[in-house]
Number of protein chains: 2
Amino acid sequence: MKWFSEKNDTFALSLKIRSRKKYKSSFQKIEILDSIQYGKVLVLDGIIQTTENDEFIYHEMLTHIPMLSHPNATNILVIGGGDGGAVRELSKYPSVKITLVEIDPKVIKIAKKEFPNISHALNNKNVTIINDDGSNFIKQKYNEYDVMIIDSSDPISHSANLFSTQFYKDAKNALKKNGILNLQSESPIANINFIKSIRNTLLSLFPIVKHYFAPIPTYPTGLWSFTFASLQHEPNLSPEKRDLLTILNTKYLNEEIFHACFALPNFIKKVLYNAS
Amino acid sequence: MKWFSEKNDTFALSLKIRSRKKYKSSFQKIEILDSIQYGKVLVLDGIIQTTENDEFIYHEMLTHIPMLSHPNATNILVIGGGDGGAVRELSKYPSVKITLVEIDPKVIKIAKKEFPNISHALNNKNVTIINDDGSNFIKQKYNEYDVMIIDSSDPISHSANLFSTQFYKDAKNALKKNGILNLQSESPIANINFIKSIRNTLLSLFPIVKHYFAPIPTYPTGLWSFTFASLQHEPNLSPEKRDLLTILNTKYLNEEIFHACFALPNFIKKVLYNAS
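Predicted model only: the values in this text are computed from it and were never measured.

Focus: the side chain of Ser185(A)
Residues and elements named next belong to chain A. Among the structural elements, Ser-185 can be located in the loop between strand 10 (175-184) and helix 7 (192-203). Polar side-chain contacts of Ser-185 include one of 3.5 Å to the backbone nitrogen of Phe-226. At a separation of 2.8 Å, a polar atom in the side chain of Ser-185 contacts the side chain of Thr-227. Ignoring sequence-local partners within four residues, the contact set of Ser-185 consists of Phe-194, Ile-195, Ile-198, Trp-224, Ser-225, Phe-226 and Thr-227.

Here you go:
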């Protein structure tokens, strides 16, 4: 048995593994681990992206909060998310049309082979897969999407664009007027100032910007943030959507969690709101 | 620079450290690390117990949920918690008398020296420190405490007793009829079946048993559970206690978090409640 370690300057998280396969694409190193505790694991450039045993938390929280808050989301754009987990959750809604823009076709190919339980919806008829840089793709889009999901890796390398002011401007233009932009926004414990800078940028474009949280044991610090931005819709669970939520077959999200995830601890409020 | 690793069979968490001091008591190995990301760290038998930078989450959540739920808690027992963090939070309430039963005097001695910001309330006049096994100490106590806080290390070695059926029976006897027992109860992601067994044991003694959660980045999986048991009181924040909470100067807990922390994800409900 070997160990895999994800290491940054101050912290490392290690998993005992049965096997480790290494691939290389034009964009990144891709690894597939078979870990004891979290099942199979997708690693990009040394960073854990997806594990079989905890991916449900991340993918449910990334997708269902905006989808349930929108009165009638049918045209959905996912940027990143080549593992297919976000598309799988989005495919639970009736009559949706999903476009996935993933820069690296090799991630999709490997996900289809190695993670069938995560990636299976990528083969659905109503899913269009485009291999492009998401920040480039949305420049040609106007008033088109109800919900945009930014399922990116960390804000370095080819994902840095997906956290830029220009990208958020383009995203606003690509959204319909009542659309919702929702993004993974890193760890509030490790990177609260990064979330604050995203918040400030988004607030210059959208009147509604909300942050919510979920535990992801295989991401650094174990707590992760998501940021919701919209011109019109607050995060909200209407009575009809409450009924829908009960049939989405979610393993993490439920009505109590929908509300609870928006509770901000004082130390986070203090930074985000300049509260005393 | 070196690294410290906390390792179990399948998972390890590592911190980059400037220094590492090793002590030994009759009960355990005690180490003090100086870590880059989390400040100074108390380690017992290789397991991280307390870090300067995230201890506020654990200690606030362990103590204030039961204290605020009790109408008038004045006589408080803490078992374990030799670092003094629980006592520091409890000392924020007016007119409390606190007894700390810590099996290992060396932990207290080292905490006083190495962690003054955590341990300072151990010197307060209204705090009595007793070096004994908590499971032994409470056998002689009847109808005495308003709130009992079990701030134990993991349920192995000398802490195993603090999770036994006999201990919970003795704890019930040591509590006043309207008392509240509150304990750290491990990770719901790594040990949900352990929490379920604690739950079932407590339910045979107390009609009210509730679980709540908080992120602790330096504990395995990053998500931690607490279990609240009582004959009479549900977790509750009355209007007067709401006012009190605002002056406790908490860095994690606030009114929204007080409610949100009790939201149970579906995968936890399924195990704890046998829900489908």
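After presenting the structure, the write-up continues.
Focus on the pairing of strand 5 (residues 47-51) of chain B
All names here are of chain B. Most of strand 5 is tucked away, with 4 of its 5 residues classed as buried. Summarising the sheet, strand 4 (residues 39-44) and strand 5 pair through 4 bridges and their orientation is antiparallel. Paired with Val-43 across the bridge in strand 5 is Ile-48.

A look at the packing of helix 7 (residues 192-203) of chain B against helix 10 (residues 266-273) of chain B
Residue and element names in this part refer to chain B. Where helix 7 meets helix 10, the closest approach of the two axes is 9 Å, and the angle between their N-to-C directions is 45°. In terms of axis orientation, helix 7 runs oblique to helix 10. Considering how the two elements wind past one another, helix 7 and helix 10 form a crossing that is right-handed. The residues of helix 10 that touch helix 7, namely those facing Ile-192, Asn-193, Ile-195, Lys-196 and Arg-199, are Ile-268, Val-271, Leu-272 and Tyr-273. Of the residues belonging to the contact of helix 7 with helix 10, the class tally is 6 nonpolar, 1 polar and 2 charged.

Observations regarding the pattern of salt bridges
Residues and elements named next belong to chain B. With the rule as written, the count across this model stands at 26 salt bridges over all chains. A salt bridge links Arg-88 to Glu-89; its shortest N-O distance comes to 3.1 Å. The class of Arg-88 is buried, set by a relative accessible area of 12%. You can call Glu-89 buried: its relative accessible area is 2%. Close ionic contact of Glu-114 with Lys-113 constitutes a salt bridge, the shortest N to O distance being 3.8 Å. What makes Glu-114 buried here is its relative accessible area of 4%. Under the relative-accessibility criterion, Lys-113 is labelled exposed at 58%.

Considerations on the sheet that holds strand 11 (residues 208-215) of chain B
Paired through their backbone hydrogen bonds, the strands of a sheet run either parallel or antiparallel. Residues and elements named next belong to chain B. Sheet architecture is open: 7 strands sit in the order 8-7-6-9-10-12-11, paired in mixed fashion. Looking at the sheet topology across the chains shown, the edges are occupied by strand 8 (127-130) and strand 11. Going from strand to strand, the sheet's axes swing by 15° on average, the running direction of each strand aside. Where strand 7 (residues 97-101) lies against strand 8, 4 bridges are found, and the strand directions are parallel. Counterpart to Thr-99 in the pairing with strand 8 is Thr-128. Against the sheet, helix 7 contacts strand 10 (175-184), strand 11 and strand 12 (223-230), and its axis sits at roughly 150° relative to strand 11.

How each quantity is defined
- Residues numbered from 1 in each chain as written.
- Chains lettered and ligands numbered in written order.
- Predicted model: local features only at pLDDT ≥ 70, side-chain atom pairs only at ≥ 80, totals over all residues.
- Heavy atoms only, no water.
- Helix = DSSP H or I, 4+ residues; strand = E, 2+ residues; numbered from the N terminus.
- Polar contact = N/O pair within 3.5 Å; in protein donor to acceptor, adjacent residues only side chain to side chain.
- Contact = heavy atoms within 4.5 Å.
- Buried < 20%, exposed > 50% of the residue type's maximum accessible area, 1.4 Å probe, protein only.
- Pairing = 2+ DSSP bridges.
- Axes fitted to C-alpha atoms, helices over the stretch in contact; angles between N-to-C directions.
- Parallel < 35°, antiparallel > 145°, perpendicular 65-115°, else oblique.
- Left-handed = near helix turned anticlockwise from the far one by under 90°.
- Nonpolar A, V, L, I, M, F, W, Y, C, P; charged D, E, K, R; others polar.
- Salt bridge = Lys/Arg side-chain N within 4 Å of Asp/Glu carboxyl O.

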